[in-house]
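# Results of the structural survey
The primary structure of each chain is shown beneath.
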Amino acid sequence: MYPDDLRYSKDHEWVRVEGSRATIGITNFAADELGDIVFVELPEVGAQLAQFASFGVVESVKAVSDLYAPVSGEVAEVNEALREKPELMNADPFGEGWILRIELKAPDEVEQLMDAAAYHAQTAA
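Owing to the predicted nature of the structure, the values given are computational and were not obtained by experimental measurement.

Along the chain, N79 turns up in the loop between β8 (73–78) and α2 (81–84). Among the residues examined, N79 registers a relative accessible area of 6% and is labelled buried. A C-alpha to C-alpha distance of 21 Å links N79 and V110, two positions 31 residues apart in sequence.

Take the sheet that holds strand β3 (residues 21–26) next. Taken in spatial order, the 6 strands of this open sheet run β1-β2-β3-β9-β8-β5, and their pairing is antiparallel. Each end of this open sheet is capped by a strand with a single partner; those strands are β1 (7–8) and β5 (48–49). Across 2 bridges, the pairing between β1 and strand β2 (residues 13–18) is antiparallel. For R7, the partnering residue across the bridge sits in β2 and is V15.

Our focus in this paragraph is the sheet that holds strand β4 (residues 37–41). Strand order in this open sheet of 3 strands is β4-β6-β7, and the pairing throughout is antiparallel. The open sheet has two edge strands, β4 and β7 (64–68), and neither has a second partner. Going across the sheet, the axis of each strand differs from the next one's by a mean of 25°, ignoring polarity. Here strand β6 (residues 54–60) pairs with β7 via 5 bridges, running antiparallel. Bridged to S54 within β7 is Y68.

The rules behind each value
- Residues numbered from 1 in each chain as written.
- Predicted model: local features only at pLDDT ≥ 70, side-chain atom pairs only at ≥ 80, totals over all residues.
- Heavy atoms only, no water.
- Helix = DSSP H or I, 4+ residues; strand = E, 2+ residues; numbered from the N terminus.
- Buried < 20%, exposed > 50% of the residue type's maximum accessible area, 1.4 Å probe, protein only.
- Pairing = 2+ DSSP bridges.
- Axes fitted to C-alpha atoms, helices over the stretch in contact; angles between N-to-C directions.

In short, shape yes, function no, at least from these values alone.
Have a look at this one:
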């Protein structure tokens, strides 16, 4: 249900670390809870993100919710496809629905996040 190569925040974001870069998105649990996503506010390339601080907003037919950075870093790339197709976050949250990529500021912050088993336990409660 949750890929083992990712780490997860209590706020339902995931992070995949590849070298000094990390890709960030929301989990399928979050996407299901939100319902049909209709808009995503993306940060600008070059923006500085602080771990657990809000970096954007996602709007769905049910709710508006803040997005939180699971790790700190500088935004290197945003998923431009989400501007036209925010529903990618519902359809493929761990693939084409990724939100942004950052250059990690403090790679050890990843250790503060949950692995797949711990995240599954949180969402099953």
